[in-house]
Amino acid sequence: MFVNKNYRPFEEKVWLAKPFMHGPEQTYMTEAYETNWMTTAGKNIEEVERLTAEKIGIKYCVGLSAGTAALHMALKLAGEAVYGKPKIGFGALFQKKVFCSDCTFDASCNPIVYEGGIPVFIDTEYETWNMDPEALAKAFKLYPEVKIVVIVHLYGTPAKMDEIKAVCDKNGAVMIEDATESFGAVYRGRQTGSLGMAGCLSANGNKIITGTAGGMLVTNSFEASRKVKKWSTQSREDAPWYQHEELGYNYRMSNVVAGVLRGQFPYLEEHIALKKRIYERYKKGLEGLPVSMNPYDEKNSEPNFWLSCMLIKPEAMCKQVRGERDSCYVPEHGKSCPTEILEAMGFIRAEGRPIWKPMHMQPIYRRNEFIGREGSCLGSSSLDVGMDIFNRGLCLPSHVKMTGEEQNRIIEVIRACFE
Ligand SMILES: *Cc1c(COP(=O)(O)O)cnc(C)c1O
């Protein structure tokens, strides 16, 4: 339980994640301004696409307005590849089930619904906090007709891709990677985003590098990249007038946004190194407490350490109850819970956050199916890994500019919660 020893609050709030500018961003933005390329075309976009494709090790990249737009385009691509071109108004996934990671942000699965599909959520495993290949295998037993799987690399930690890919291959399904949180993370020598039919990246303000907003779709198919470029610019056909044969979207990246992102590229590896140092400092600082850090496969993967998280051991949890919008807990000596720790960190103006609430627990998706290792269920299961991690875990302040001193003070407050 938190013993408040009048910890001094930070003068400036310590954020979970925030942008970190270096200088070149302004140069490229200004260049767009001065050359009057203040639109959704220009040198910055071309460079961002080239740099992204090069970094991910994939042939083609399309710059888009957001990671969510990239996911939407990826699902439309997959839908049309598997089910053919839809009638206008029906969506490429009309009434089709799509398997999706359960423990994620809702932008991973909303685009399934944009295309008329039905997300079926696959439970999480404890080793990387990503989609459980065993649960996925179970899902294919129940629904062998499913052909598209959306896989998320949560908090920058690569999922168990070999196992997941084996299950997908066996069932003739394609993978779409939501690598929006894991830009720069590596799985067995390959970048996340390069392992499926299409990879989706984000340049949102809280991600590892940013353009203030923006997203990128990467693919090895020239045809697919052409389609996405066309769809994202209102599906204009090659004609002297506005000619349309397909439904269009206004999803292209702005050349100003691309200027910011272009300027951030040289610092991606530096940001990853800083994030890793933050993770290691927490790991060391929390030693001896009944907690662990968000885990990863140390042999096969190198995360980008976007967010540091911790998980409290079941026996060290005090009573905590969460409603739809609020939560409460009963303080207990020697124990704590995410609600108490977040409250204690709030006292010193450090921003933490609960683990992303699993999709099958969200009111909007409560009636969608959720499949775990033990089978399918609507609602809760005897084994519900996502819910368990949500109950016992939390995200720690992890922004790249955080100092060692700030981190020590946060660790001290977390320690006080277990007194
Ligand atoms: C941020 C995020 C997205 C969406 O990216 P935007 O660029 O914000 O649209 C999608 N999925 C996950 C897991 C994310 O964290």
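Reading the values: rules and limits
- Residues numbered from 1 in each chain as written.
- Predicted model: local features only at pLDDT ≥ 70, side-chain atom pairs only at ≥ 80, totals over all residues.
- Heavy atoms only, no water.
- Core = buried A, V, L, I, M, F, W, Y, C linked by side-chain atoms within 4.5 Å.
- Buried < 20%, exposed > 50% of the residue type's maximum accessible area, 1.4 Å probe, protein only.
- Helix = DSSP H or I, 4+ residues; strand = E, 2+ residues; numbered from the N terminus.
- Contact = heavy atoms within 4.5 Å.
- Near = heavy atom within 4 Å.
- Polar contact = N/O pair within 3.5 Å; in protein donor to acceptor, adjacent residues only side chain to side chain.
- Areas by Shrake-Rupley, 256 points an atom, 1.4 Å probe, with all protein chains shown as cover.
- 1 Å grid on protein atoms, 1.4 Å probe; cavity = no way out; pocket = protein on both sides within 12 Å on 5 of 7 lines; lining within 4 Å.
- Sits in = over half its atoms within 2 Å of the grid points.
- Nonpolar A, V, L, I, M, F, W, Y, C, P; charged D, E, K, R; others polar.
- Axes fitted to C-alpha atoms, helices over the stretch in contact; angles between N-to-C directions.
- Left-handed = near helix turned anticlockwise from the far one by under 90°.
- Pairing = 2+ DSSP bridges.
- Points joined across faces, edges and corners; volume = space filled by probe spheres on them.

Draft legend 1. Examining the nonpolar core more closely. Counting 40 residues, the largest nonpolar core has Tyr155, Phe183, Met216, Leu261, Leu307, Ile355 and Cys395 as its most contacted members. Counting residues per element, this core draws most heavily on helix α2 (residues 43-56), which supplies five residues. Setting aside its immediate chain neighbours within four residues, Phe183 contacts Thr52, Lys55, Ile56, Leu201, Ile208, Ile209, Met216, Phe265, Leu268, Ile272 and Asn304. Membership of the second largest hydrophobic core comes to 35 residues, among which are Phe10, Val291, Ala316 and Ile411.

Draft legend 2. Layout of the site of the ligand. Neighbouring the ligand are 15 residues, the closest being Thr68, Glu181, Ser202, Asn204 and Lys207. Within the side chain of Glu181, a nitrogen or oxygen atom sits 2.5 Å from an oxygen atom of the ligand. A distance of 2.7 Å separates an oxygen atom of the ligand from a polar atom in the side chain of Ser202. In isolation the ligand offers 380 Å² of accessible surface; the protein chains occlude 93% of this area. Assessed atom by atom at 2 Å from the grid points, the ligand resides in the largest pocket. Residue composition of the shell around the ligand, by class: four nonpolar, eight polar and three charged.

Draft legend 3. Main features of the packing of helix α9 (residues 268-285) against helix α12 (residues 404-417). Closest axis-to-axis distance for the α9/α12 pair is 10 Å, and the angle between their directions is 35°. Crossing angle aside, the handedness with which α9 passes α12 is right-handed. For the pair α9 and α12, the contacting residues are Ile278, Arg281, Tyr282 and Gly285 in the first and Gly404, Gln407, Ile410, Ile411 and Arg415 in the second. Of the residues assigned to the contact of α9 with α12, the class counts are four nonpolar, three polar and two charged.

Draft legend 4. Seen up close, the pairing of strand β14 (residues 327-330). As paired elements, strand β13 (residues 319-322) and β14 share four bridges and run antiparallel to each other. Its bridge partner being in β14, Val321 is matched across the sheet by Cys328. Where β13 hands over to β14, the hairpin turn is made up of four residues, counted between the paired strands.

Draft legend 5. Molecular detail of empty space enclosed by the protein. Across all of its chains, the model carries two cavities of 30 Å³ or more by this definition. Approximately 70 Å³ is the volume found for the largest cavity. Looking at the largest cavity, it is lined by 14 residues, and the ones nearest its centre are Lys18, Lys207, Ile208, His271 and Val400. For the lining of the largest cavity, a count of residues per class yields five nonpolar, six polar and three charged. The space that makes up the second largest cavity amounts to roughly 30 Å³. The wall of the second largest cavity is formed by Tyr155, Thr157, Tyr279, Asn294, Tyr296, Pro303, Phe305 and Leu307.

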